[in-house]
Amino acid sequence: MYSKPKQESASPPDAGKYIRIGIVVAIGLIIFAIIGNQGVIISMNFSEFGEEFTKPLFYGIVSAVVLSAVALIRVNILKRSSIFWYGLSSAITFLNRGTNDPITRNITSFRDYKLSIPSFVIWQITKVLLFGAFFTNVMFGFATMSFIDGNYLGIETLPTLFQLPFLTPPTDTTYAFDNVVPMIPALIILIPPILAVIGLRLVLYVGLHSIIGVVTSYIQDSSEGKPRFLNYISTLEGIIGIGVLWAAFNMFFTDQIDYNTKYVIGGTFVAGFALITFSFLDRIRAKILTHPIKRDIYIRVLTIIAIAVIVGGIMSVNNSIADARKLEYLGPYTSQQIGVNRYLGELYKVKENTHNVQLESISPNNIKNYVNQQADVLNVIRVWDWEAAFAKLKPEIGLIPYVDFEDNDILRFNNTLYWTASMKPILPPSVSSENRWYNEHLVYTHVPNGLLTLGATDGNIVDSSKFFKQRSIYYGEGGLLAETWSGYPVNRGTVSAELNNAFYSGKGGLTLNPPTSWIFEPNFLLSFPTEPVHIMRYKDIQQRMQILYPYFLYKLFGNDLDSLPVTDGTKTYWLVPLIVGFDTNDVPWSVGNPYLRLVGYGLIDTYDGSIQLIKTGDDFFSEMFASQYEDQFIEIPTWLEEQIRYPVELFNWKTEMYNIYHVTSVETFIQAKEFYEVPRGLDTYYIEAKPPGFDKTKFIGLLSLELKGSQGRNLAGFMIVENDLSNLGNMQFYEVPLNATTKLIGPTAVREALDRDPDFAQLKTLLRTPRIGDNILYRVGDHDVYFIPVYTAGAGGVVAQLGTIAAVGAAFTGEYYVGLGDTQQKAFEAYLQKLSGVRSPTSSTKGEITLEFDREARMEKIKSIIEGEDLQLLSPSNIQIPLSFNEGKIAFFSQSDLEDTEKLISKFINDFVKPRTERVFMWEEDNVINFGTIVLVESIPEMHYISIEIGK
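Worth saying up front: this structure is predicted, and the values here are computed from it rather than measured. (Residues numbered from 1 in each chain as written. Predicted model: local features only at pLDDT ≥ 70, side-chain atom pairs only at ≥ 80, totals over all residues. Heavy atoms only, no water.)

1. A look at the packing of helix 7 (residues 138–148) against helix 24 (residues 620–628)
Remark: helix 7 packs on helix 24, axes separated minimally by 11 Å, with the N-to-C direction vectors making an angle of 80°. Compared by their axis directions, helix 7 and helix 24 come out roughly perpendicular. In contact with Met 139, Phe 142, Ala 143 and Ser 146 of helix 7, helix 24 contributes Phe 621, Met 624, Phe 625 and Gln 628. Looking at the contact of helix 7 with helix 24, its residues break down into six nonpolar, two polar and no charged. (Axes fitted to C-alpha atoms, helices over the stretch in contact; angles between N-to-C directions. Helix = DSSP H or I, 4+ residues; strand = E, 2+ residues; numbered from the N terminus. Parallel < 35°, antiparallel > 145°, perpendicular 65-115°, else oblique. Contact = heavy atoms within 4.5 Å. Nonpolar A, V, L, I, M, F, W, Y, C, P; charged D, E, K, R; others polar.)

Written out as structure tokens, the structure reads:
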């Protein structure tokens, strides 16, 4: 009968022992996994990239050590507490407790728990090693090393920051330039990580430590029947007070300061100090009392409420006064916002021009001469847009199943613009799953002819080898290049598994010998157990740049940066913009707009993946980066001067900043009546043009702007950016005065003008599902003109040909002027004729015959061709022939179709009419005119005919 109590009091198995063993095993497995595959990858990166890989790794380690040390290392060697080891110790004790043991007996007070001094010191170091990776911030480590080298990043100016909320600045943007701009480098690169880790430290060692101490003390005190509630409350008051003070301190690091900021900061500090004071008072009284007095609770609550009410009341009164006195109250702070954001967007560098729009006609006798004088602009008009070029290039791939288009970019060679489409390797859908690994890694390793080129003006497909001698792309964008690695056995002899039996001979990648190759890819253990294998990784250029140069942005506003193919005449490279970007949430008056700068470009060899750096920037980060990577920069090669292009993403962002912060008048800014916006659906156009003030055509980016909220949708002006190396990134804005009598119409009005033109309305009915192309604004002589291509589409919507070109006058005084033509020269001439009052030039002269491009004129022309062959044209009321054969089809809509139509008719007459008969029959079906003749074959009549579509 004594056995049962003895059994209950017996100690349970040592569960803690098994937990410790489990932890050791888990750590061992994790370490093995890291040392295995990941260890090989890191070793490969060291071998392949050398210093390019180790530098950012070093900066990452520096940041991890510094930031984790600030956040995690404790220096209070007297208390020597540890949440982790206290929790682990308590858990083991709890699992080892007897079934009748109370919880309070196994949970000791956290405040009484201490590590030994050696254990405490070792644990601080261990925390940095274990958790340092979570604090990695390469940019912070980079800046830290630069700081150590003597570049203080304006940190000596930070004391000024704490004065800004309490001083009313002047209504002058130079105040922001003098007081805020110098501290921006420190505020965007050093301060944010430091504030974050200090905040984490407060949460862990002030908040969490104290709360755990309160909970465990309550458990112990409750077991003794003496809970000390006033002591617990004093601790919580201290925690909250410190948190409020920290929040108040962070309010100095804000992106907006106004007339109320000082009251918010002051009120928060007062509330924090009040809570700290209450904490001290309650801690003293807790030595005598165990419970708080109700009156004291009311005092504390009412004090906080009073502070909030007083601060809120002051802010409300200020807001009420500011509603009527905006300039006096808000003006000084608005001025600083303008100044800071003009610096962020480098808007002070934008050259502003007044664009006086004029509409002057040319004498009819001088029109042709005037058109010839503008040949330098008219000959480079971009007629083929992205979609049309893409559709025309796509058939060039043909039936090849292992490549696809990745991108299509506008490039400049010899002052001529070309659309250049780059391709990516893909896995053919017909590849079976069991053959997938083999094809992904060993066969489809590259794109054999990875670039296609089309003239942006004439639409002719150009042999890409004329510009790009090296067209095999092993390092590029998208497809299998981004999804996986490729390789080949080093000892492959004369047989290659690569596509088209290619033999890679570049320097890209590295060779792995067994057993390293087995760890990298277990399949090599069976397939190439004794052979070295050459491996090529990071073949997607963005992935490659991210791992070697993680300082830069390769996505901007959710989209990948545009990388361009360029060439030195022998090798082909990718030109990758190096854009650095920082959040400005800690920069006063930045209102959260980012800091973006172009540091330079990376040149990536498409064949071996080698990277060269080019510097074009002059900001603080560009200089800092160049000092750390000076041995990897090269002088800008002369061959790149014509091919280089300013990043469209950066140009668009700067223009968006200009839309708001071109307004430097505080009153106008507050009234928000002169802000700009980009017209809906409009993109930046890279073109060859000659804007006002230029003496010859330049390669520029163009973006038109409208007045924000305006119902007229006229242009407020247009922004350009230069791409020539000597002026790379220089921006100019051409502003149309708001009171100008002659307006500059925008894209919406241009489409309206085109649709209302009677000549185009007639032509539109003839074209098969036409698509209106880009409407690009050009300055031709003294005329602002939109050139708009109109494309005809064949089956499936694929662009087949250029239907016509419209030249629409951008200057507007109440009438639209639209000229149509087969070429940009003819379209501009037609526009000038309309402007001069000459009859609409919808006709073309050939010999002495004038052909009007309406249906009846085209019909008469066809009849004249047939009758000119001494043939009789008959129109029977009914045709019933048992056998009929269509010998050809064509569409005759414009003068450009006439020559092909004449050829078809002539061939039909020579093959089937002469010398058998002199009669040709004509009948119509659904806007198609058929011309046929009857031929007897073995006494059986056959109808042979051609079909000519002439429209409604």
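2. So, the confidence of the model for the protein
Averaged over the protein, the pLDDT score is 87; the fraction of residues at 70 or greater is 91%. Confidence over residues 1–11 falls short of pLDDT 50; this stretch has two contacts with residues more than four positions distant or in other chains. For the stretch residues 839–852, pLDDT sits under 50, and the model shows 33 contacts to residues farther than four places along the chain or on other chains. (pLDDT = per-residue confidence, 0-100.)

3. Quick notes on the side chain of His 355
Mapped onto the fold, His 355 is located in the loop between strand 1 (351–354) and helix 16 (367–373). Take His 355: its relative accessible area is 2%, and that puts it in the buried class. Of the polar contacts made by the side chain of His 355, one reaches the side chain of Asp 784; its length is 3.1 Å. Apart from residues no more than four positions distant in its own chain, His 355 is found in contact with Pro 692, Phe 718, Tyr 734, Glu 735, Val 736, Pro 737, Leu 744, Arg 779 and Asp 784. (Buried < 20%, exposed > 50% of the residue type's maximum accessible area, 1.4 Å probe, protein only. Polar contact = N/O pair within 3.5 Å; in protein donor to acceptor, adjacent residues only side chain to side chain.)

4. Digging into the nonpolar core
With 199 residues, the main nonpolar core has Tyr 549, Tyr 551, Phe 552, Phe 621, Phe 625, Phe 787 and Phe 828 as its most contacted residues. Ranked by residue count, the leading element in this core is strand 12 (residues 572–582), at eight residues. What Phe 552 contacts, discounting residues up to four positions off in sequence, is Leu 578, Ile 579, Val 580, Val 599, Phe 621 and Phe 625. Core analysis: the next-biggest nonpolar cluster, separate from the first, contains 22 residues, Ile 866, Ile 905, Phe 908 and Val 913 among them. (Core = buried A, V, L, I, M, F, W, Y, C linked by side-chain atoms within 4.5 Å.)

5. Comments concerning unusual backbone geometry
For the bond running from Pro 514 to Pro 515, omega is 5°, close enough to zero to count as cis. The phi dihedral of Leu 153 is positive, around 55°, even though this residue is not glycine. Within the secondary structure, Leu 153 sits in the loop between helix 7 and helix 8 (174–179). Judged by its relative accessible area of 5%, Leu 153 falls in the buried class.

6. Some details on the packing of aromatic side chains
Evaluation of the coordinates by the stated rule reveals 66 aromatic pairs. Ring centres of Phe 413 and Phe 468 lie 5.6 Å apart, and the angle between their planes is 90°; this geometry places the pair in the edge-to-face category. Of this pair, Phe 413 sits in strand 2 (residues 403–413) while Phe 468 is found in the loop between strand 5 (461–462) and helix 20 (480–483), placing the two residues 55 residues apart along the sequence. With a centroid separation of 5.7 Å and an interplanar angle of 55°, the aromatic rings of Tyr 549 and Tyr 629 are classed as tilted. Note that Tyr 549 is positioned in the loop between helix 23 (541–548) and strand 9 (555–556) and Tyr 629 in the loop between helix 24 and helix 25 (648–661), a separation of 80 residues in sequence. Taking the relative accessible area as the measure of exposure, Tyr 629 reaches 0% and is therefore buried. (Phe/Tyr/Trp six-rings, centres within 6.5 Å; stacked < 30°, edge-to-face > 60°.)

7. As for the pairing of strand 17 (residues 698–707)
With 10 of 10 residues buried, strand 17 lies mostly within the body of the structure. Both faces of strand 17 are covered, namely the face carrying Lys 698, Ile 700, Leu 702, Ser 704 and Glu 706 and the face carrying Phe 699, Gly 701, Leu 703, Leu 705 and Leu 707. Note that strand 15 (residues 676–677) and strand 17 share two bridges and pair antiparallel. What sits directly across from Glu 677, in strand 17, is Glu 706. Sheet topology places strand 17 next to strand 18 (residues 715–722); seven bridges connect them, and they run antiparallel. Considered in strand 18, the bridge of Ser 704 is made with Phe 718. (Pairing = 2+ DSSP bridges.)

8. Focus on the packing of helix 10 (residues 191–223) against helix 11 (residues 229–250)
Between two packed helices, what matters for the description is the angle formed by their axes and the separation of those axes. Here helix 10 crosses helix 11 at 170°, and the two axes come no closer than 10 Å. Taken together, the axes of helix 10 and helix 11 lie roughly antiparallel to each other. Across from Leu 195, Ile 198, Gly 199, Leu 202, Val 206, Gly 207, Ser 210, Ile 211, Val 214, Ser 217, Tyr 218 and Asp 221 in helix 10, the residues of helix 11 making contact are Phe 229, Tyr 232, Thr 235, Ile 239, Ile 242, Trp 246, Phe 249 and Asn 250. Its residues assigned to classes, the contact of helix 10 with helix 11 comprises 13 nonpolar, six polar and one charged.

9. What to know about the environment of Thr 334
For Thr 334, the location among the structural elements is in helix 15 (residues 331–344). When its relative accessible area of 6% is taken as the criterion, Thr 334 is described as buried. Spatially, the C-alpha atoms of Thr 334 and Arg 919 are 85 Å apart, while their sequence positions differ by 585 residues. With residues up to four places along the chain from it excluded, the contact list for Thr 334 reads Val 666, Phe 669 and Ile 670.

10. Some thoughts on the pattern of salt bridges
Following the criterion strictly, the structure yields 35 salt bridges and no others. The partner of Glu 406 in a salt bridge is Lys 424, and the shortest N-O contact between them spans 3.2 Å. Of this pair, Glu 406 sits in strand 2 while Lys 424 sits in strand 3 (residues 416–425), and the two are 18 residues apart along the sequence. The network of salt bridges with common partners includes Glu 346, Lys 349, Arg 597, Asp 618 and Lys 654. (Salt bridge = Lys/Arg side-chain N within 4 Å of Asp/Glu carboxyl O.)

11. Structural notes on helix 31 (residues 898–913)
Side chains three or four residues apart in an α-helix point the same way, a direct result of the helix having 3.6 residues per turn. In this model helix 31 runs 21 Å from its N-terminal to its C-terminal C-alpha over 16 residues, within 8% of the 22 Å that 1.5 Å per residue would give. Listed as buried for helix 31 are Leu 898, Thr 901, Leu 904, Ile 905, Phe 908, Ile 909, Phe 912 and Val 913. In an axial view of helix 31, the angular spread of the buried residues amounts to 130°, which keeps them on one side of the axis. Of the exposed residues in helix 31, the ones pointing more than 90 degrees away from its buried face are Lys 903 and Lys 907. (Expected span 1.5 Å × (residues − 1). Arc of directions from axis to C-beta.)

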